[in-house]
Amino acid sequence: MARSSTRPTSRDVAQAAGVSQAAVSLVLGDKWRGRVSETTAQRVREAARDLGYRPNLAARNLRLGHTRTVLLVVPALTTEFFAGVYTGAARVAAEHGFGVVLYPSPEGIGPARDPFASAQAALDGVIASSMAADALTAIRGDQLPLVMLDSDPAGSLGAATVNLDIADGVRQVTTHLLDLGHRRILHLAADVPSWTFEVRAKELAARMATTPGTDIRTARAPISIDGAQAATEAALTTPGPRPTAVVCDDDKLAAGAYKALRRLGLRIPDDISVTGLDDLALATAIDPELTTVRLDAELFGEHGMRALLAVLEGREPDSGDIPVELVVRGSTAPPPTPA
């Protein structure tokens, strides 16, 4: 017998599976655990598949007042890191029937216009980088369920936070350089008012202070290769003993430092060592390949989305920072022996 051209309903699924419509809603809404048996859930899924049933998400969203849409607010996409964060967040979102809209702040870091007539009407929640906090305020995303990435847990206005263990990454870098024998370090710091960069500076100073005879010089630069090159050249042409290593807040700054060191006639790592932080594709494109800290951007995005799902469901998100890993390559070596 030919199947009716009428779109199957949840009542049809319930009749085919021999259950109530409420049970169908629980199973297809993925809220059945502890309420119906695994066998019943499987029977409902098979009936829905056989009938070609698809929930009317638009109608369900109107009833529930939800769009199942999440906004990911990041700085302008100047590196692949935040693309990885999006990939991870979108993967977990899809598993739970959510979509993720990516909103890169047009100015990178700073205020931005509201891309929505009403963010609160269009969105269920927001995941935002602390580096794009001004954009978040502009779209009033801080009035929605919110998860902050790379953000001070004590200063995030009650929002849930998800962080990479940046402090441990800096500890690993510093320990590596100290073990090689370096005592004079230039910190090429990102000139960005963000908690994540404050952590880098604080941890580097604390770790260096545990070893006698150490010295840190700081040069600030915008996160650009040209800016990093100019700041490194200026720092290394000032009077005084030359640093034997340059610790960069991210890999793009390290690439700028490479250009400056070559212009000054310094060999990496024979005359001076360089480290980064991120492990972007750039880290293995430069020569010598860069010693850096690997940050798993996709895992970061996954954790951010899972934390937001917990907030939406009234649960406490998982705690604990995401581990990071030092990757030692060819840009670090013991400091040169004084002539």
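Residues numbered from 1 in each chain as written. Predicted model: local features only at pLDDT ≥ 70, side-chain atom pairs only at ≥ 80, totals over all residues. Heavy atoms only, no water.

- Under the annotation held in an unreviewed UniProt entry, the protein chain carries the name LacI family DNA-binding transcriptional regulator and is attributed to Streptomyces musisoli.

## Topic: the overall build of the protein chain
Here is step 1 of the chain: Secondary structure summary: the protein chain contains 13 helices and eleven strands in total.
Here is step 2 of the chain: Here the protein chain holds 339 residues, and 48% of them are scored as buried.
Here is step 3 of the chain: Partitioning the contacts of the protein chain with sequence separation of at least 6, the portion at a separation of at least 24 is 72%.
Here is step 4 of the chain: Within the structure as shown, the protein chain displays about 16,500 Å² of accessible surface, and the carbon and sulfur contribution to it stands at 51%. (Helix = DSSP H or I, 4+ residues; strand = E, 2+ residues; numbered from the N terminus. Buried < 20%, exposed > 50% of the residue type's maximum accessible area, 1.4 Å probe, protein only. Contact = heavy atoms within 4.5 Å. Areas by Shrake-Rupley, 256 points an atom, 1.4 Å probe, with all protein chains shown as cover.)

## A word on the sheet that holds strand β9 (residues 273-275)
Here is step 1 of the chain: Strand order across the open sheet formed by four strands is β7-β6-β8-β9, with parallel pairing between neighbours. The open sheet has two free edges, formed respectively by β7 (215-221) and β9, since each of these has just one partner strand. Each neighbouring strand pair of the sheet contributes to a mean axis angle of 20°, computed without reference to strand direction.
Here is step 2 of the chain: Sheet analysis places strand β6 (residues 184-190) next to β7, joined by seven bridges and oriented parallel. (Pairing = 2+ DSSP bridges. Axes fitted to C-alpha atoms, helices over the stretch in contact; angles between N-to-C directions.)

## Topic: the nonpolar core
Here is step 1 of the chain: In this structure, Phe81, Val85, Leu149, Leu164, Leu295, Phe300 and Met305 are the most contacted members of the largest nonpolar core, which totals 42 residues.
Here is step 2 of the chain: Split by domain, this core shows at least three residues from each of two domains, domain 2 (66-163 + 298-320) and domain 3 (166-295).
Here is step 3 of the chain: Phe81 has contacts with Leu164, Asp278, Leu280, Leu295, Ala297 and Phe300, leaving out every residue within four places of it along the chain.
Here is step 4 of the chain: One finds Phe197, Ala219, Tyr258 and Ile286 within the second-largest nonpolar core, a separate group that totals 25 residues. (Core = buried A, V, L, I, M, F, W, Y, C linked by side-chain atoms within 4.5 Å. Domains from an automatic or database assignment.)

## A look at the pattern of salt bridges
Here is step 1 of the chain: In total, this model carries twelve salt bridges according to the counting rule given.
Here is step 2 of the chain: When the shortest N-O distance is used, the salt bridge between Arg329 and Asp279 registers 3.0 Å. Taken together, the residues Arg329 in the segment after β11 (325-327) and Asp279 in the loop between β9 and α12 (282-285) connect sequence positions 50 residues apart.
Here is step 3 of the chain: Overall, Arg329 belongs to the buried group, its relative accessible area being 17%.
Here is step 4 of the chain: One salt bridge connects Glu302 with Arg306, and the closest N-O pair in it is separated by 3.8 Å. Of this pair, Glu302 and Arg306 both sit in helix α13 (residues 297-312), four residues apart, roughly one helical turn.
Here is step 5 of the chain: Judged by its relative accessible area of 42%, Arg306 falls in the partly exposed class.
Here is step 6 of the chain: One salt-bridge network, held together by shared partners, links Arg91, Glu298, Glu302 and Arg306. (Salt bridge = Lys/Arg side-chain N within 4 Å of Asp/Glu carboxyl O.)

## Structural notes on helix α1 (residues 10-17)
Here is step 1 of the chain: Inspection of α1 places Ser10, Val13, Ala14 and Ala17 among the buried residues, and these make up the whole buried set. The arc enclosing the buried residues of α1, seen along the axis, measures out at 100°, which places them on a common side. Facing away from the buried side of α1 by over 90 degrees, the exposed positions are Arg11, Gln15 and Ala16.
Here is step 2 of the chain: Along its buried surface, α1 packs onto α2 (21-28) and α3 (38-51).
Here is step 3 of the chain: Immediately downstream of α1, the backbone of Gly18 shows phi near 70°, a positive value. (Arc of directions from axis to C-beta.)

## What to know about the sheet that holds strand β2 (residues 99-104)
Here is step 1 of the chain: One open sheet holds the five strands; their spatial order is β2-β1-β3-β4-β5, and the pairing between them is parallel. Because the sheet does not close on itself, it has two edges, and the strands there are β2 and β5 (160-162). Geometrically, the sheet is characterised by an average inter-axis angle of 20° between neighbouring strands, direction not taken into account.
Here is step 2 of the chain: Looking at chain direction, strand β3 (residues 125-129) and strand β4 (residues 146-149) are connected through four bridges and run parallel. By the bridge assignment, Ala128 is partnered in β4 with Met148.
Here is step 3 of the chain: On top of the sheet, helix α5 (residues 81-95) reaches β1 (69-74), β2, β3 and β4; it is set at about 160° to β2, its chief contact.

## Considering the packing of aromatic side chains
Here is step 1 of the chain: Following the criterion strictly, the structure yields two aromatic pairs and no others.
Here is step 2 of the chain: When the ring of Phe81 is compared with that of Phe82, the centres are 5.3 Å apart and the planes differ by 85°; the resulting orientation is edge-to-face. The two residues Phe81 and Phe82 agree in class, both being buried.
Here is step 3 of the chain: The class for Phe81 is buried, based on a relative accessible area of 8%. (Phe/Tyr/Trp six-rings, centres within 6.5 Å; stacked < 30°, edge-to-face > 60°.)

## As for the pairing of β1
Here is step 1 of the chain: Most of β1 is tucked away: six of the six residues are buried.
Here is step 2 of the chain: Alternating residues of β1 divide into Thr69, Leu71 and Val73 and Val70, Leu72 and Val74, and every residue in both groups is buried.
Here is step 3 of the chain: Bridging between β1 and β2 involves six bridges; their strand directions are parallel. Considered in β2, the bridge of Val73 is made with Tyr103.

## Quick look at helix α9 (residues 195-208)
Here is step 1 of the chain: Compared with the 20 Å implied by 1.5 Å per residue over 14 residues, the 20 Å span of α9 between its first and last C-alpha is a close match.
Here is step 2 of the chain: Tucked inside the fold, the buried residues of α9 contact α8 (166-180), β6, β7 and β8 (245-248). (Expected span 1.5 Å × (residues − 1).)

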